[in-house]
Amino acid sequence: GVFEENNSIKSVDIPDSVKEVGRVAFQECKNLQKVSFGKNVNKIGTLAFAYCPLLEKIELPDSLKIIGSSAFADDSNIKDVSLPDTVSYIGGGAFYFVPWFQNKKDEFVILGDGILVSYRGTDKNITIPDGVKMISGGVFSYNLENATIRVPSTVKCMDENAVGCSATIYFHDQNIDISDFMIPDVYMPSSTVVAPKGSDAAKYAQKVGVKYVEGND
């Protein structure tokens, strides 16, 4: 990124003319303490502000739609984030090891416009709440091996590696983007997709060779 690993930067004011903060733009700016976003920023790229240990508070603009993977990862001093409901995509690990995020106690951590970013429960019989529209990367991890996951009809996208464990996953007949939701050849061989015939989920399972069972939850 343009300012990557620039330790002289302590404050950043992003002007209204900027619509996107690019990938790794301010990664590892060790002395960055404050960021002010212009009112037209709609995307924060992958790793854009990762590894900035002095950042304390983030106020994201209402114009924001996309937060890339690991965008604020390992920002170990952020205790407060103002995140608008306009955000429709949050990549995996966007707030990895951020205290504000780690301190959330809900079983299902849902941010922005219905984005499931973390499952904190231990029950392997999982019913994702109605109203969730997206499942971010890394939500269901290896410690949930052999889980049963029921996906509501409101979900329209499962991000890359959303499911990181062997599982039986139930879908409805919704339009859904699940192109890379599970690691190929790792968890797929021991997983099952249960979905109506002809649905997006059924087509995906048959295309990539995941065990498919016709049905509906």
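Higher on the page you've got the structure.
Right, let's walk through the structure included here. Please read all numbers here as calculations on a predicted model, not as lab measurements. (Residues numbered from 1 in each chain as written. Predicted model: local features only at pLDDT ≥ 70, side-chain atom pairs only at ≥ 80, totals over all residues. Heavy atoms only, no water.)

### Brief notes about the pairing of strand β16 (residues 192-195)
Okay, step 1: Residues Thr-192 and Val-194 line one face of β16 and the alternating positions Val-193 and Ala-195 line the opposite face, and both faces are buried.
Okay, step 2: As defined by bridge partners, strand β15 (residues 167-170) adjoins β16 across 3 bridges and the pair is classed as parallel. Its bridge partner being in β16, Tyr-170 is matched across the sheet by Val-194.
Okay, step 3: Looking at chain direction, β16 and strand β17 (residues 211-214) are connected through 4 bridges and run parallel. The residue bridging Val-193 from the neighbouring strand is Tyr-212, located in β17.
Okay, step 4: As a crossover connection, the stretch from β16 through helix α2 (residues 200-208) into β17 is right-handed. (Buried < 20%, exposed > 50% of the residue type's maximum accessible area, 1.4 Å probe, protein only. Helix = DSSP H or I, 4+ residues; strand = E, 2+ residues; numbered from the N terminus. Pairing = 2+ DSSP bridges. Right-handed = clockwise from strand over helix to strand, strands pointing away.)

### A look at the environment of Ile-135
Okay, step 1: Turning to its location among the elements, Ile-135 is positioned in strand β12 (residues 134-135).
Okay, step 2: Judged by relative accessible area, Ile-135 falls into the buried class, the value being 0%.
Okay, step 3: In contact with Ile-135, other than residues within four places in its own chain, are Leu-116, Ile-128, Phe-140, Val-155, Cys-157, Met-158, Asp-159 and Ala-162. (Contact = heavy atoms within 4.5 Å.)

### As for the nonpolar core
Okay, step 1: Judged by nonpolar contacts, the single largest core of 38 residues is most densely connected at Phe-49, Ile-67, Phe-72 and Phe-95.
Okay, step 2: Contributing elements (two or more residues each) for this core: α1 (99-102), β9 (108-111) and β10 (115-119).
Okay, step 3: If you look at the next biggest cluster of nonpolar residues, it comprises 34 residues, including Met-158, Ala-162, Ile-169 and Ala-205. (Core = buried A, V, L, I, M, F, W, Y, C linked by side-chain atoms within 4.5 Å.)

### Points about the state of the cysteines
Okay, step 1: Under the defined criterion, the tally for this structure stands at 0 disulfides.
Okay, step 2: Considering cysteine sulfurs only, Cys-165 is the nearest to Cys-157, which forms no disulfide, with 18 Å between them.
Okay, step 3: According to the relative accessible area criterion, Cys-157 is buried, its value standing at 19%. (Disulfide = S-S within 2.5 Å.)

### Considering the environment of Asp-80
Okay, step 1: For Asp-80, the position within the fold is in strand β7 (residues 80-82).
Okay, step 2: A sequence separation of 40 residues divides Asp-80 from Asn-40, and the C-alpha atoms of the two residues are 21 Å apart.
Okay, step 3: In this structure Asp-80 touches Glu-56, Lys-57, Ile-58 and Trp-100, once residues within four positions along its chain are discounted.

### Some thoughts on the packing of aromatic side chains
Okay, step 1: All told, the structure shown has 12 aromatic pairs when counted by the stated rule.
Okay, step 2: An angle of 35° between the planes, with centres 6.4 Å apart, marks the rings of Phe-95 and Phe-101 as tilted.
Okay, step 3: Among the residues examined, Phe-95 registers a relative accessible area of 4% and is labelled buried.
Okay, step 4: Taking the centre distance of 5.5 Å and the plane angle of 55° together, the rings of Phe-181 and Tyr-204 count as tilted. Of the two residues, Phe-181 is situated in the loop between β15 and β16 and Tyr-204 in helix α2; the sequence distance between them amounts to 23 residues. Taken individually, Phe-181 and Tyr-204 each receive the classification buried, so the pair is uniform in this respect.
Okay, step 5: An aromatic cluster of at least three residues, connected via ring pairs, comprises Phe-3, Phe-26, Phe-37, Phe-49, Phe-72, Phe-95, Trp-100 and Phe-101.
Okay, step 6: Against the face of Phe-101 rests Arg-120, its NZ or CZ located 4.8 Å from the ring centre.
Okay, step 7: Across the ring face of Tyr-170, the terminal group of Arg-150 is positioned such that the distance to the ring centre comes to 4.9 Å. (Phe/Tyr/Trp six-rings, centres within 6.5 Å; stacked < 30°, edge-to-face > 60°. Lys NZ or Arg CZ within 6 Å of the ring centre and 35° of its normal.)

### Some thoughts on the sheet that holds β15
Okay, step 1: As summarised here, the arrangement of the 5 strands in space is β11-β13-β15-β16-β17, forming an open sheet in which the pairing is parallel. Two strands close off the open sheet at either side, each with one partner strand: β11 (125-127) and β17. Between one strand and the next, the sheet's axes are offset by a mean angle of 15°, whatever the strand orientation.
Okay, step 2: In the packing of α2 onto the sheet, the strands contacted are β16 and β17, and the crossing angle to β16 comes to about 150°. (Axes fitted to C-alpha atoms, helices over the stretch in contact; angles between N-to-C directions.)

### Remarks on α2
Okay, step 1: Of all the positions in α2, only Ala-201, Ala-202, Tyr-204 and Ala-205 are classed as buried. Projected down its long axis, α2 shows its buried positions confined to an angular sector of 165°, all on one face. Opposite the packed face of α2, turned more than 90 degrees from it, sit the exposed residues Lys-203, Gln-206 and Lys-207.
Okay, step 2: A positive phi of about 90° marks Gly-209, the residue just after α2. (Arc of directions from axis to C-beta.)

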